[in-house]
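Examination of the molecular architecture
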2 protein chains.
Amino acid sequence: MLKPSEDQEFYELASPTLLPKASGFLWNESMMIHVNCRGYTVAQFMQPEPAKYSHAPNLEAKTFMQPEQPYYAHHPGRFVYVKDEETGEIFSAPYEPVRVPADQYTFAVGKSRVAWKVEFGGIALEMSLTLPKEEPMELWRIRVKNLSPAKRKLSIYPYFTVGYMSWMNQSGEYNEALQSIVCSSVTPYQKYQDYDKIKHFRDKTFLIPDRPAASWEVNQEAFEGEGGIMRPSALDREELARGDARYETPVAVLQYRIALEPGQEEAYRFIFGPARDEEQIAGIKAGYFGGTNAGGDDGFVLAEREYDSYIREGGGCMEIATPDPELDNFVNHWLPRQMYYHGQTNRLTTDPQTRNYLQDNMGMSYIKPQTAREAFLTALSQQEPSGAMPDGIILHPEAELKYINQVPHTDHCVWLPICLSTYLDETNDYSLLEEQVPYAGGQEAGSVFEHVHRAMQWLIRDRDERGLNYINQGDWCDPMNMVGYQGKGVSGWLTIATAYAFNVWADICERSGQAGAAEEYRLAAQATNEVVNEYLWDGEWYARGITDAGVVFGVSADREGRIFINPQGWSLLSGAADGEKREKLMQAVREQLETPYGVEKLAPSYTAMREDVGRVTQKHPGSAENGAVYNHAAAFYIYGLYSVGEKDDAYRLLRKMIPGPDLDDIVRRGQLPVFVPNYYRGAYRQFPRTAGRSSHLFNTGTAPWIYRCLIDGLFGLQGCPEGLRIRPQLPSHWNEAKVTRDFRGAKIRIEMTREAGVREAEVYADGAPMADGILRDVRPGAEYRVLVKLPFVN
Amino acid sequence: MLKPSEDQEFYELASPTLLPKASGFLWNESMMIHVNCRGYTVAQFMQPEPAKYSHAPNLEAKTFMQPEQPYYAHHPGRFVYVKDEETGEIFSAPYEPVRVPADQYTFAVGKSRVAWKVEFGGIALEMSLTLPKEEPMELWRIRVKNLSPAKRKLSIYPYFTVGYMSWMNQSGEYNEALQSIVCSSVTPYQKYQDYDKIKHFRDKTFLIPDRPAASWEVNQEAFEGEGGIMRPSALDREELARGDARYETPVAVLQYRIALEPGQEEAYRFIFGPARDEEQIAGIKAGYFGGTNAGGDDGFVLAEREYDSYIREGGGCMEIATPDPELDNFVNHWLPRQMYYHGQTNRLTTDPQTRNYLQDNMGMSYIKPQTAREAFLTALSQQEPSGAMPDGIILHPEAELKYINQVPHTDHCVWLPICLSTYLDETNDYSLLEEQVPYAGGQEAGSVFEHVHRAMQWLIRDRDERGLNYINQGDWCDPMNMVGYQGKGVSGWLTIATAYAFNVWADICERSGQAGAAEEYRLAAQATNEVVNEYLWDGEWYARGITDAGVVFGVSADREGRIFINPQGWSLLSGAADGEKREKLMQAVREQLETPYGVEKLAPSYTAMREDVGRVTQKHPGSAENGAVYNHAAAFYIYGLYSVGEKDDAYRLLRKMIPGPDLDDIVRRGQLPVFVPNYYRGAYRQFPRTAGRSSHLFNTGTAPWIYRCLIDGLFGLQGCPEGLRIRPQLPSHWNEAKVTRDFRGAKIRIEMTREAGVREAEVYADGAPMADGILRDVRPGAEYRVLVKLPFVN
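Residues numbered from 1 in each chain as written. Chains lettered and ligands numbered in written order. Predicted model: local features only at pLDDT ≥ 70, side-chain atom pairs only at ≥ 80, totals over all residues. Heavy atoms only, no water.

To continue, consider the overall build of chain A. Of regular secondary structure, chain A possesses 17 helices and 40 strands. Here the C-alpha atoms of chain A give a radius of gyration of 28 Å, agreeing with the 28 Å that 2.2 N^0.38 yields for 794 residues. With respect to the three principal axes, the spread of C-alpha positions in chain A is 80 × 65 × 50 Å. Burial analysis of chain A (794 residues in total) assigns 65% to the buried set. A fraction of 67% describes how many contacts in chain A between residues 6 or more apart in sequence connect residues 24 or more apart. If you sum the accessible surface of chain A, you get close to 26,400 Å²; carbon and sulfur atoms cover 47% of it. Of the side-chain charges in chain A, 82 are positive and 108 negative, and the distance between the mean point of each set is 2 Å. (Helix = DSSP H or I, 4+ residues; strand = E, 2+ residues; numbered from the N terminus. Rg over C-alpha atoms; globule rule 2.2 N^0.38 Å. Buried < 20%, exposed > 50% of the residue type's maximum accessible area, 1.4 Å probe, protein only. Contact = heavy atoms within 4.5 Å. Areas by Shrake-Rupley, 256 points an atom, 1.4 Å probe, with all protein chains shown as cover. Lys, Arg positive; Asp, Glu negative; His and termini not counted. Charge placed at Lys NZ, Arg CZ, Asp CG, Glu CD.)

Structure (structure tokens):
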């Protein structure tokens, strides 16, 4: 029913009903498109804020990308209706809106292309979508083939949703000169000051076919008639009515009438997207369909090829072959792609949350370290002279802090050393720390080193008399906006995280020759860990925080929200938890938070408002932060497990982030293993029916942290100033693994194998043993072979 | 196909496809519901801003009520699926979502009730909706009758859309204790400061049936299955699956299984609406279905009755019988109801635009003058000490100026005398002018007289060196936000309107014994009219304004926006236009603005942006202000025509505001004549296909102005200090009319008739001739008979 394609380039699903919400996504430098297996689609492009050219049937709220979006009959989509002109029979590809079960069905999600192959009653229909590299537009191919033994007379109706473009002004018509459908709108505004912003918007939606159609319809209501979108009345006619839309909801439907001999096929190409004006559309048409180069390729083909190259540039820095083929497929093909998406698009926002921006670029350190470097400098240039990091990083001169970025959170500083360390591990580019960067306001400047120092000092200052960090209106990933808004409540997690950040920064200081600073931060970390153990250890695990009113929460006395994952995972990283505490908290996590679909964020989920905790308790139980298997937080727990050598727990939980391999698990999650979602529905012990369900939201800091778990933890192939430190933590039941690691310009082929008689890991580089397991003097362009002999585990 | 019911209490439509957007609306003191003939529904309630309990399937934008809203398959609705348990056949009432054509169909819009009667294959299904007077909830009755000669086994599935309640938290379940469906959500918020606002919201949606159902479904996706909303898979089962919704889109569907003998029927009642918590729902259930009074009526029945009385209180102040029965029906039944709606609900906003608030309460002067009086005082209490009126009137302590009320408009002051004059005419309550009212800020106070005086002085001051009124970012009903934002552009209409306002105020001053002030304002009006004629007369009509750059627009040299109705109509009122100018401008209006569906706002509609004019040019041609038959503006033109005795042009145009009587006209407009919409689509000469189509938006200042045209103009039954001035302007082709006028507590029965030999109107009160046509000394409780003899017109 579902599997990687033979060439591993696609992940394939053979039914539109098995995982009705299965999807893939594509992006380029100006847009993102999320494509559902049944034909539903969400596309957004930047101008500079996210905008749409294919709209819902009503006036939609503008909002950030949301998880678990419902589909409904008129949800925007890209469909092809097919009518047998002799029998009048109608079906649609890929499945919506007619919902005729296909004889054969494949939904294939590729890295630079999404495609369908469907067969109905002797007709094969192929659809595929890719993007150009830069411009916001969709490149579609549709192929129809007669598989039946008789000649077939067909009408093919490609259908592209335009939808309710604007309440102010919308229309659509077939433009004879362009032989294209052009729909027009005006973005509503009310203050004249906003006019300058909207006047250059791409407010038109176009559909350019590669050849003229026999007929068309641009009026949604006229197209549907009383038949509705499932059985449009317009298909009863020999030809479409060539209608227009005048303040009516537009649609872009074309009709092609063909007669196909047995085995004969016909192929079409279409471009669908937004444009400023007809002139731009004419330019696109000329550029893509206007002529071919010496090689016989037109602009459309060249754009497809350029996009494919662009996406391939975003490969990861390792290729793995392990006893777990699904993990291999996910890590070799999909995980780097998801990191690359984050790094390239900044989640289609002009003001990414600071912590997201830093972590997304931590991931980019593995793919395009230069991009990561620039991003860190951008972020630091917006740091306050006090050391405080803003809630969001402004990436566009017209951007402003929106949504949650208007709510003060106190954790942004901790991410600086944590994310920088990966960049430094991967590149050894410690010169970054010497870069001079201004502070916000432009009055002061300082080195990156000083910037991070100020951030660490800010964290030390922003504490109560006990030494616990204030939470204000929230910190990372469970923004409890009413714990500390009065200025007294503190965050257990954040306090622990500062201890970890201090230790990480101490390591960096030491490696930069700043031994004094290193010592200072080590002591600060130690002192913080002591405070943590004094005020937050609840006997079996760490508490989540203390409210303005002095109530400790996330503790055994709580009926709901009794245990949170974040303080537990980070206490492994910070060193707060000694051996005994580790065992206890791991046991608590296993018993209370672990589920078949991963580790939950907190448990039991809040089912009612707790006013001294706030926003997290208002979220649906098991969704988003309120008890979901929140993969980002789970990844930190796993990273913590690796940091203390708990390789089997770590692998077991890591594996639960990827749907499958068994079909039941994939069906339960409802998602193909082509990205890791921000969460799987949790509250497993409270609401088992829905637990495990994917959010289908691919915006998440999880991806780089899984990758980092693999690099630093499972395969133990982390960079260090001397070179590559090789220290694998294969799960006990793996007897071997192979990794090809791209590292500082070199290619390193590592074989790991358990051998009888080996008592401790033995590392050999090109045959020579390395006592400390560090591959030194890695030269760009060179290739190395590393053998790691591992003991069998008892 | 459509007609008033025999008792005139309903307007009936006999097809769901003839006018697919035909609708009725109901309101009470906390909500409004707009019900479409096919079952689609929009409901809003106030807490304090407009909120929903029946949502779209996606996250909808929060916005003001908009015209020409499209419907789509999953648009919120109230439906009843019916399944024949023996044949498996399914239909739905009233028409959506299954769309099986009925054998018989009636959609009946009443003043306090909307009802359907439909028959399919021997089953009659009746649905009807009313509201309680105060609470936001829907009271539904559903009756099923077996009309066939055999016993029928049926499943009846009432379906109520709940929809996408909240991205933060939503769920739904069947509450066994309440035997009701209860869906829960949390209104999203991000700043803790907003929590106090949302915590008491009615965030739950309930469906309370009058008896337990056989089964239920609360999960939209589970209900639909692959069949979709048109043919839900759940109906294939014997019983619904009793599912719940956990962060899934909820729905409220019940199943009743019945066997009906021939002729037998079964009746059900339901309550659907929002609630804070289960306790409140339990209270509603107990109150409505919990028991009966001595008369055998339960709370449900009593609420229906109370609501009907409440609506009947909102009757108008005249009943007419003329040669135009459609006009009679509209004026006697629907027009006062629409005025009452505006006066009671303030258009479901907490910050009505000042001009709307004043005009809506001008209408209320005919229905509940005490309400109007209080509203005028409220509005004046928010006037600036400078005399400027704010852009919106705040009606709730938490309200703030929203949307267009944040954009400065310069016309609000002119409406004060104009709207007050109707209140004074109707009530003779000149004591209002002596009321002391504070100014905004509370530092100063003054009499109403002084308030209006300051408003008039503000208008005199807010002018350029020529004496033309600045437009800033807009004035009334064609807010051209870029004409004058630099502080130089002026409004032709507003300058003319100030002249009219001065004259109206001069009359009021004179009647209040302020002869000096009266003279002052008469002179100001005269001077203004002279300036108007000097700078704005274009040769055949008046220009609309002059831009910041000094460009006169709305003139013959313009290709688009060549003529605007507003300056023309108001020049008749202000006295700017002498006889020759009147003839010319009326001719221009007939030639360029009059259409079969009324007078357009401007012509030709702008089809592209004109940057020195702004927002109006960005609206769709023929929609809203850009060339629509904007009834509110048209009403002023008609009022102007009556003011200069042009009774035949006036009647012809007035009549075009009401759909019908012929079917073609009603079909073209797509609306039943149960309200006057804010516009009919215009651009008749540019886009004839869509011209005439109703906006279906019943929020409009048109209603009170039609009424005032009838009172002051057509029937000439306007109040004055002495009593009732009787001066009809029947159209030439009417030979008679009867009016019963409720006036200052008296009932006055007027018969108008043309008689041979009469040369000028002769008025007789209880038989006695009245030379000046004024019925004096009108005594509350008394009844008068007036005869008006009119000449035949040559």
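To continue, consider the UniProt feature "domain: Glycosyl hydrolase 94 catalytic" (unreviewed entry) in chain A. Under the UniProt annotation, the feature "domain: Glycosyl hydrolase 94 catalytic" (unreviewed entry) is placed at residues 319–716 of chain A. Across residues 319–716 of chain A, helical content stands at 45% and strand content at 7%; the span's end C-alpha atoms are separated by 14 Å. (UniProt positions renumbered as here; feature names shortened; annotations may be inferred.)

What follows deals with the packing of aromatic side chains. Enumeration over the complete set of coordinates arrives at 108 aromatic pairs over all chains. Ring pairing ties together the aromatic residues Phe45, Tyr53, Phe107, Trp116, Trp140, Phe160, Tyr256, Tyr268, Phe270 and Phe272 of chain A, which thus form one cluster. We note Arg337 of chain B situated over the ring of Phe25 of chain B; from NZ or CZ to the ring centre the distance is 4.9 Å. (Phe/Tyr/Trp six-rings, centres within 6.5 Å; stacked < 30°, edge-to-face > 60°. Lys NZ or Arg CZ within 6 Å of the ring centre and 35° of its normal.)

The subject of this paragraph is the environment of Tyr53 of chain B. Residue and element names in this part refer to chain B. Counting through the fold element by element, Tyr53 comes out in the loop between strand 6 (50–51) and strand 7 (78–84). With a relative accessible area of 1%, Tyr53 lands in the buried category. Spatially, the C-alpha atoms of Tyr53 and Val42 are 9.8 Å apart, while their sequence positions differ by 11 residues. Beyond its immediate chain neighbours, meaning those up to four positions away, Tyr53 contacts Met31, Ile33, Ala43, Phe45, Arg78, Glu138, Val162, Thr205, Phe272, Gly273 and Pro274. Side-chain polar atoms of Tyr53 contact the side chain of Glu138, separated by 2.5 Å. (Polar contact = N/O pair within 3.5 Å; in protein donor to acceptor, adjacent residues only side chain to side chain.)

All names here are of chain B. With 5 bridges joining them, strand 4 (residues 31–36) and strand 5 (residues 41–46) adopt antiparallel strand pairing. The residue of strand 5 that forms the bridge with Ile33 is Ala43. With 2 bridges connecting them, strand 5 and strand 6 associate as antiparallel partners. The residue bridging Phe45 from the neighbouring strand is Ala51, located in strand 6. (Pairing = 2+ DSSP bridges.)

In space, the 3 strands of this open sheet follow the order 24-25-26 (chain A), with antiparallel pairing throughout. For this open sheet the edge positions go to strand 24 (490–491) and strand 26 (552–553) of chain A, each flanked by a neighbour on one side alone.

It is worth spelling out the pairing of strand 34 (residues 723–726) of chain B at this point. Residue and element names in this part refer to chain B. Where strand 33 (residues 717–720) lies against strand 34, 4 bridges are found, and the strand directions are antiparallel. Within strand 34, the residue paired with Gln718 across the bridge is Arg725. The hairpin formed by strand 33 and strand 34 contains 2 residues between the paired strands. Relative to strand 39 (residues 774–776), strand 34 runs antiparallel, the two sharing 3 bridges. By the bridge assignment for strand 39, Arg725 is matched with Ile774.

This paragraph deals with the domain arrangement of chain A. Accessible area lost upon the coming together of the parts is a frequently used measure of interface size. When cut into domains, chain A gives domain 1 (2–37 + 76–311) and domain 2 (715–791). The gap between the C-alpha centroids of domain 1 of chain A and domain 2 of chain A is 49 Å. (Domains from an automatic or database assignment.)

Residues and elements named next belong to chain B. Their axes nearest at 9 Å, the elements helix 10 (residues 492–511) and helix 12 (residues 565–574) cross at an angle of 25°. The angle between the axes of helix 10 and helix 12 places the two elements in the roughly parallel class. The two elements helix 10 and helix 12 cross, and the hand of that crossing is left-handed. Contacts between helix 10 and helix 12 involve Trp493, Ile496, Ala497, Ala499, Tyr500 and Asn503 from the former and Asn566, Pro567, Trp570, Ser571, Leu573 and Ser574 from the latter. Per-class residue counts for the contact of helix 10 with helix 12 are 8 nonpolar, 4 polar and no charged. (Axes fitted to C-alpha atoms, helices over the stretch in contact; angles between N-to-C directions. Parallel < 35°, antiparallel > 145°, perpendicular 65-115°, else oblique. Left-handed = near helix turned anticlockwise from the far one by under 90°. Nonpolar A, V, L, I, M, F, W, Y, C, P; charged D, E, K, R; others polar.)

In this section: the sheet that holds strand 10 (residues 114–120) of chain A. Residues and elements named next belong to chain A. The sheet built from 11 strands is open, its strands ordered 1-2-9-10-11-12-20-16-15-14-18 with antiparallel pairing. Of all strands in the sheet, those bounded by a partner on one side alone are strand 1 (2–4) and strand 18 (245–246). The sheet contact formed by strand 14 (residues 170–175) and strand 18 spans 2 bridges and is antiparallel. In the strand pairing of strand 18, Gly172 is matched with Ala245. Contacts from helix 4 (residues 299–312) reach strand 11 (123–130), strand 12 (138–146) and strand 20 (265–275) within the one sheet, and its direction differs from that of strand 12 by about 115°.

Looking now at the interface of chain A and chain B. The partner chain B presents 71 residues to the 72 residues of chain A that form the contact. Between chain A and chain B the total buried area reaches about 6,000 Å² when both faces are included, carbon and sulfur atoms providing 50% of it. There are 12 salt bridges connecting chain A and chain B. Linking Arg689 of chain B and Glu248 of chain A is a salt bridge whose minimum nitrogen-to-oxygen distance equals 2.9 Å. Linking chain A with chain B are 53 residue pairs in polar contact (both at pLDDT 80 or more), by the criterion used here. The residue inventory of the side of chain A that touches chain B, partitioned by class, reads 30 nonpolar, 24 polar and 18 charged. (Buried area = accessible area lost by both parts, 1.4 Å probe. Salt bridge = Lys/Arg side-chain N within 4 Å of Asp/Glu carboxyl O.)

Once that is clear, we can look at the relation of the copies chain A and chain B. With an RMSD of 0.0 Å, the fit of chain A onto chain B corresponds to turning through 180° and sliding 0.0 Å along the axis. In symmetry terms, the pair is related by a two-fold rotation axis. Across chain A, the rotation axis passes nearest the C-alpha of Ala61 of chain A, at a separation of 1.8 Å. Comparing interface residues between copies, 99% of those in chain A also lie at the interface in chain B; the contact surface is shared. (Least-squares fit on C-alpha atoms with pLDDT ≥ 70 in both.)

This next bit is on a nonpolar patch on the surface. Residues and elements named next belong to chain A. On the surface, a nonpolar cluster with roughly 240 Å² of combined accessible area is contributed by Met1, Leu663 and Val667. Topologically, Leu663 is positioned in helix 16 (residues 663–669). Judged by relative accessible area, Leu663 falls into the partly exposed class, the value being 34%. (Patch = residues over 30% accessible without salt bridge, like charges linked within 9 Å, V, L, I, M, F, W, Y side chains within 5 Å.)

This part is about the pattern of salt bridges. Residue and element names in this part refer to chain A. As enumerated under the stated definition, the model contains 134 salt bridges over all chains in all. For Lys402, the salt bridge is made with Glu49, and the minimal N-O distance between the two is 3.2 Å. A residue pair is termed long-range when its members are at least 10 positions apart, and Lys402 in the loop between helix 7 (369–380) and helix 8 (415–427) and Glu49 in the loop between strand 5 (41–46) and strand 6 (50–51) qualify at 353 residues. Judged by relative accessible area, Lys402 falls into the buried class, the value being 18%. The exposure class of Glu49 is partly exposed, given its relative accessible area of 25%. The partner of Arg708 in a salt bridge is Asp712, and the shortest N-O contact between them spans 3.1 Å. Here Arg708 pairs with Asp712, and both are found in helix 17 (residues 702–714), just 4 residues apart, close to one helical turn. The exposure classification of Arg708 matches that of Asp712, with both residues buried.

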